[in-house]
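Here is how the chains run, residue by residue.
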Amino acid sequence: MQIHKYDTVIVGAGGAGMRAAIEATKRSRTAVLTKLYPTRSHTGAAQGGMAAALANVEEDNWEWHTFDTIKGGDYLVDQDAAEILAKEAIDAVLDLEKMGLPFNRTPQGRIDQRRFGGHSRNHGEAPVRRACYAADRTGHMILQTLYQNCVKEGVEFFNEFYVLDQLIIEADGVKRSAGVVAYELATGEIHVFQAKAVVYASGGNGKFFKVTSNAHTLTGDGQASVFRRGLPLEDMEFFQFHPTGIWRMGILLTEGARGEGGILRNKDGERFMEKYAPVMKDLASRDVVSRAIYTEIREGRGCGPEGDHVYLDLTHLPPEQLDAKLPDITEFARTYLGIEPYTDPIPIQPTAHYAMGGIPTNVRGEVLADNTTVVPGLYAAGEVACVSVHGANRLGTNSLLDINVFGRRAGVAAAEYAATADHVELPEDPAAFVVGEVERLRDAAGKERVAELRRELQETMDKNVMVFRTEQTIKEAVEKLAELRARYRNVSIQDKGRRFNTDLLEAIELGNLLDLAEVMAISALARKESRGGHYREDYPNRDDVNFMRHTMAYREVGDDGTETVRLDYKPVVQTRYQPMERKY
Amino acid sequence: MATPVMDKVEAEAASSPYITATFRIRRFNPEVAAEAYWEDFQVEIDPKERVLDALHKIKWDMDGTLTFRRSCAHGICGSDAMRINGRNRLACKTLIKDLAPEKPITVEPIKGLTVQKDLIVDMEPFFQAYRDVMPFLVSHGNEPTRERLQSAADRERFDDTTKCILCAACTSSCPVYWNDGQYFGPAAIVNAHRFIFDSRDEAGEQRLEILNDKDGVWRCRTTFNCTDACPRGIEVTKAIQEVKRALITRRF
Ligand SMILES: Cc1cc2nc3c(=O)[nH]c(=O)nc-3n(C[C@H](O)[C@H](O)[C@H](O)COP(=O)(O)OP(=O)(O)OC[C@H]3O[C@@H](n4cnc5c(N)ncnc54)[C@H](O)[C@@H]3O)c2cc1C
Ligand code: FES
């Protein structure tokens, strides 16, 4: 075991982690621990754009952006946070441009902007061009640009280090962060990082679904690590299903495709979104479009022999426009489906895409131990966190924005805290939990296989807690998850070695997914209303009287060692915007 | 759009043609044995699936010790460059049907970087060469309050080289790189190109000097392996030629 001492430790090197690192490195001795090489992070998969009311191509302002964000999130958004997001968006984009990001340009040489779902002029009048973009590679360019600037600033990375535990010391009723414990992939060695400030930027947890746009590595390790240590997770029932994943594969085809004029059609060739969202049509918010697609499918208007998908039609767009604005997604259709998007429509279905919930933070990125108390020295930003700027449904292009605005804020806040605070003393035997887990899995001789449990997990999640949910389906998921968690105790792995043991790490990642799936299902069961991405067929309406509040889930361990998930609730911060019915 | 009844994809999917393919994989684990060896796996698979899917089937259902890197599974993270049937490609972007699967499909680690276990190689020298070319925008003087202006044509000038995902498929396909680890390699030059030809950048001269080194661009013998290997379709050799020309003319 090795012990390292830093001022600031950042967990994750995606957009949020590297944006934080650029700030923290200038102000404090900083280490970035990342299970992937930074440029492998899933921020690189983001395609469509990053929202900011630059007004480069038409009238726009940050207040409209704030309103759209709140409305898009079905009023579960904390309005103070949304206002910060929309206001700071402009500098966030300009900062990236100054760092070198190659945005697409207008004829005047300014950053070009395009339409995206849910972003509107003057509180819903008509779609507005607010998404700054670089073809359909915006996330790739952000990730590369941030990595380039990390190289420039000399950021210190520990690549292929998996953070598996969060160290919390509780004294006089106050929980403090002491550091993290990491596992080095190359050697199997365990490292303790003592740090004054820790920033989680470890990304989402979409891999508990089968059809998903998420990478294999998005397994919610950060969320699971803090949850296990008694800290809450917020709004985990809210998961976004993006309307246009490649049929069966889930690979994303950006909403930018509809922003450029693409149209969704059912088997009769009908532009069905006109029925569901007369003004915004194909550019209504994602939860609305995903439900519309499944409604078409359920009512027998789906395409194909099994009627299980619909079409994204780009055939009326000029090939030059597709080449210039959507080169990657058209190539995905060619590579993975053998389809030529110039002439043929692309079969699509909704795909599990984005975790709105996560580790609760305030607007400085400080992690909360309950509704109000911060955990000194602990920060989170990006998809792992819940500020909450996305509420019940995130608007497209608001996440690349979130990781830049709140990644920066968390990096600054963590380093400033580290400048004044002392190290918290490490607990005795700080690596005990990780060593125990690693040894247990290496020595285990049980009959259960990781891959089989993961398949069953993904199947039950797709079947029971996706776009449509009912009490019955969620209960089915809860029961299945209890079974899978019990069977997980009998998992064994084949690779017993120390070098690059990805067999072992997949087992640990599965454990994290199972924990988080349970939190999601239990949170969803208790929310007896429909709001944003959480749609209950048995409670089809939003219920502001009883559920205009954030879910806070805690892990409780009984005297006999049994684990349960306890739910509590937190008020939504409302400033200017009163809840209204959401129409697009 | 023509009224769709059944499209190509669906027509093919309707007759789900599973095949049994042999994957001949180069195995190496110094914890167990000093020598590398070939191991065959028979995998039942739909040929429209990816090589990565086959590797997962092997790892998840047959042999958990098989080790490789992967993340995004659709060709944008650059984790899984490997030598498949003797050519560098991304496992997640290579469909089995395109590989003549009636014969054994060989899968090996990329060449020129030290193999650490099975398909995993040491990426450090690769990233070091990248870091050595100053892969970041340099500009001096007062910054404008808004964005710097750049014409669409100036933006287009370096578009091709912005696509790089640092997968190392190009560098590890280069015979010069295999024989001489000191050479920067195509990927580093591509990333230098991305800044040298960016109208906003002011460090072109410095980067050119770095590449004028004995281990720089002049080592390139224009074999085009890199261009063929690039999973992003970057014209790598052309980019290297442009850097060479800029060195001669000092105009870029
Ligand atoms: C296909 C796709 C397209 C998208 N398009 C858009 C878009 O156009 N606009 C938009 O706004 N949003 C988009 N999104 C959403 C957005 O891209 C993501 O929410 C965002 O990039 C997440 O960034 P992040 O930094 O939080 O996490 P990530 O980029 O996922 O990074 C996570 C980091 O954490 C590290 N990590 C994870 N676990 C551990 C561990 N245990 N130990 C150490 N390190 C760890 C990883 O190595 C990685 O570096 C898209 C998402 C997807 C999947
Ligand atoms: S797994 Fe990301 S490029 Fe293949």
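Keep in mind the model is a prediction, meaning the values are calculated, not measured. (Residues numbered from 1 in each chain as written. Chains lettered and ligands numbered in written order. Predicted model: local features only at pLDDT ≥ 70, side-chain atom pairs only at ≥ 80, totals over all residues. Heavy atoms only, no water.)

(A) Summary view of the overall build of chain A. Counting secondary structure elements, chain A contains 16 helices and 20 strands. Against the compact-globule benchmark of 25 Å for 584 residues, chain A has a radius of gyration of 23 Å, which places it among compact chains. Its C-alpha atoms give chain A principal-axis dimensions of roughly 65 × 50 × 50 Å. Here the contacts in chain A between residues at least 6 apart in sequence split such that 74% fall between residues at least 24 apart. As displayed, chain A has an accessible area near 17900 Å², and 46% of this comes from carbon and sulfur atoms. (Helix = DSSP H or I, 4+ residues; strand = E, 2+ residues; numbered from the N terminus. Rg over C-alpha atoms; globule rule 2.2 N^0.38 Å. Contact = heavy atoms within 4.5 Å. Areas by Shrake-Rupley, 256 points an atom, 1.4 Å probe, with all protein chains shown as cover.)

(B) Representation of the pattern of salt bridges in the model. Residues and elements named next belong to chain A. Applying the stated criterion to the full structure yields 89 salt bridges over all chains. One salt bridge connects Glu-23 with Arg-19, and the closest N-O pair in it is separated by 2.8 Å. In this pair, Glu-23 and Arg-19 are both assigned in helix H1 (residues 15–27), 4 residues apart and thus about one turn of the helix distant. Neither residue differs from the other here; Glu-23 and Arg-19 are each classed as buried. Three or more residues are tied together by salt bridges with common partners; here these are Asp-74, Glu-237, Asp-287, Arg-291, Arg-527, Glu-529, Arg-531, Arg-542, Asp-544 and Arg-582. (Salt bridge = Lys/Arg side-chain N within 4 Å of Asp/Glu carboxyl O. Buried < 20%, exposed > 50% of the residue type's maximum accessible area, 1.4 Å probe, protein only.)

(C) Quick look at the sheet that holds strand S4 (residues 113–121) of chain A. Residues and elements named next belong to chain A. Ordered in space as S3-S5-S4, the 3 strands form an open sheet in which the pairing is antiparallel. Since the sheet does not close on itself, it has two edges, and those belong to strand S3 (50–51) and S4, each with one partner. In the sheet, S4 pairs with strand S5 (residues 126–132) via 5 bridges, with the strands oriented antiparallel. Among the inter-strand pairings, Gln-113 is bridged to a residue of S5, identified as Cys-132. (Pairing = 2+ DSSP bridges.)

(D) Layout of the sheet that holds strand S11 (residues 239–246) of chain A. All names here are of chain A. In spatial order, the strands read S11-S14-S13-S12; together these 4 strands make up an open sheet with antiparallel pairing. The open sheet terminates on both sides in strands that have one partner only, identified here as S11 and strand S12 (263–265). Looking at each pair of strands side by side, their axes are set apart by 45° on average, direction ignored. As paired strands, strand S13 (residues 310–313) and strand S14 (residues 346–355) are joined by 3 bridges and run antiparallel to one another. (Axes fitted to C-alpha atoms, helices over the stretch in contact; angles between N-to-C directions.)

(E) Quick peek at the interface of chain A and chain B. On the chain B side, the residues contacting the 77 residues of chain A number 75 residues. Counting each side, the surface lost to burial between chain A and chain B is near 6400 Å², with a carbon and sulfur contribution of 50%. The tally of links between chain A and chain B comes to 9 salt bridges. Across the pair A:Glu331 and B:Lys93 runs a salt bridge, and its minimum N-O distance is 2.5 Å. Counting across the chain A and chain B interface gives 42 residue pairs in polar contact (both at pLDDT 80 or more). Broken down by secondary-structure element, the contributors of at least two residues to the side of chain A that touches chain B are helix H3 (79–99), helix H4 (138–153), S13, helix H10 (327–337), helix H13 (450–464) and helix H15 (502–526) of chain A. With 7 residues, the single largest contributor to the side of chain A that touches chain B is H4(A). (Buried area = accessible area lost by both parts, 1.4 Å probe. Polar contact = N/O pair within 3.5 Å; in protein donor to acceptor, adjacent residues only side chain to side chain.)

(F) Layout of the pairing of strand S5 (residues 105–108) of chain B. All names here are of chain B. Pairing between strand S1 (residues 19–27) and S5: 3 bridges, direction parallel. Paired with Arg-24 across the strands is Thr-106, a residue of S5. Sheet topology places strand S3 (residues 81–84) next to S5; 2 bridges connect them, and they run antiparallel. Note on S5: the bridge partner recorded for Arg-83 is Glu-108.

(G) Up close: the packing of helix H6 (residues 186–196) of chain B against helix H9 (residues 236–249) of chain B. Residues and elements named next belong to chain B. With their axes 9 Å apart at the nearest point, H6 and H9 run at an angle of 60° to one another. Taken together, H6 and H9 sit at an angle that is classed as oblique. The hand of the H6/H9 crossing is left-handed. Where H6 abuts H9, its residues Pro-186, Ile-189, Val-190, His-193 and Ile-196 lie against Val-236, Ala-239, Ile-240, Glu-242 and Val-243. (Parallel < 35°, antiparallel > 145°, perpendicular 65-115°, else oblique. Left-handed = near helix turned anticlockwise from the far one by under 90°.)

(H) Here's a closer look at the side chain of A:Asn205. Residue and element names in this part refer to chain A. Mapped onto the elements of the fold, Asn-205 is located in the loop between strand S9 (190–200) and helix H5 (221–228). Under the relative-accessibility criterion, Asn-205 is labelled buried at 1%. Side chain to side chain, Asn-205 and Gln-223 meet in a polar contact 3.2 Å long. If we ignore the near neighbours within four places in the chain, the residues touching Asn-205 are Asn-214, Leu-218, Thr-219, Gly-220, Gln-223, Met-236, Phe-239, Ala-355, Leu-513 and Leu-516.

(I) Quick peek at the site of ligand 1. All names here are of chain A. Inspection of the region around ligand 1 gives 39 residues, with Ser-41, Thr-43, Glu-383, Ser-399 and Leu-400 positioned closest. For ligand 1, a nitrogen atom lies 3.0 Å from a polar atom in the backbone of Lys-35. Val-163 places a main-chain nitrogen or oxygen 2.8 Å from a nitrogen atom of ligand 1. Bound to the protein, ligand 1 loses 98% of the 1000 Å² it would expose on its own. Breaking the shell around ligand 1 down by element, the ones donating at least two residues are H1, strand S2 (30–34), strand S7 (161–171), S14 and helix H11 (398–420). Looking at the shell around ligand 1 element by element, the count peaks at 4 residues for H11. The residue makeup of the shell around ligand 1, split by class, is 16 nonpolar, 19 polar and 4 charged. (Near = heavy atom within 4 Å. Nonpolar A, V, L, I, M, F, W, Y, C, P; charged D, E, K, R; others polar.)

(J) Representation of the packing of aromatic side chains. All names here are of chain A. Inspection of the entire model under this criterion finds 20 aromatic pairs over all chains. Aromatic side chains Phe-239 and Phe-241 sit 5.9 Å apart centroid to centroid with 45° between the ring planes, which places their arrangement in the tilted category. Judged by its relative accessible area of 4%, Phe-241 falls in the buried class. A ring pair is formed by Phe-272 and Tyr-276, whose centres lie 6.4 Å apart and whose planes are at 85°; its orientation type is edge-to-face. The positively charged end of Arg-29 is found above the aromatic ring belonging to Tyr-6, 4.2 Å away from the centroid. The residue whose ring lies beneath Arg-334 is Tyr-342, and the NZ or CZ to ring-centre distance is 5.1 Å. (Phe/Tyr/Trp six-rings, centres within 6.5 Å; stacked < 30°, edge-to-face > 60°. Lys NZ or Arg CZ within 6 Å of the ring centre and 35° of its normal.)

(K) Looking closely at unusual backbone geometry. Residues and elements named next belong to chain A. The step from Val-387 to Ser-388 runs through a cis peptide bond, and the omega angle for that step is 5°. On the secondary structure map, Ser-388 appears in the loop between strand S18 (385–386) and H11. Despite not being glycine, Asn-122 shows a phi value in the positive range, around 45°. Position of Asn-122 relative to the elements: it lies in the loop between S4 and S5. The class of Asn-122 is partly exposed, set by a relative accessible area of 30%.

(L) Broad picture of the domain arrangement of chain B. Residue and element names in this part refer to chain B. Taken domain by domain, chain B consists of domain 1 (13–121) and domain 2 (124–249). Between the C-alpha centres of domain 1 and domain 2 there is a distance of 29 Å. Counting residues at the interface gives 14 residues for domain 1, matched by 15 residues for domain 2. Contact between domain 1 and domain 2 buries roughly 1100 Å² in total, counting both sides, with carbon and sulfur atoms accounting for 60%. For domain 1, the biggest contributors to the area lost against domain 2 are Asn-88, Lys-111 and Leu-113; these three give 41% of the whole. Linking domain 1 with domain 2 are 0 salt bridges, by the criterion used here. (Domains from an automatic or database assignment.)

(M) Region of the structure containing the pairing of strand S17 (residues 374–380) of chain A. All names here are of chain A. Burial of S17 is extensive: 6 of the 7 residues sit out of reach of the surface. Of the strand pairs in this sheet, S9 and S17 are connected by 3 bridges, and their pairing is parallel. Each bridged residue has a counterpart across the sheet, and for Tyr-200 the counterpart in S17 is Ala-380. Between strand S16 (residues 366–368) and the antiparallel strand that follows it, S17, lie 5 residues.

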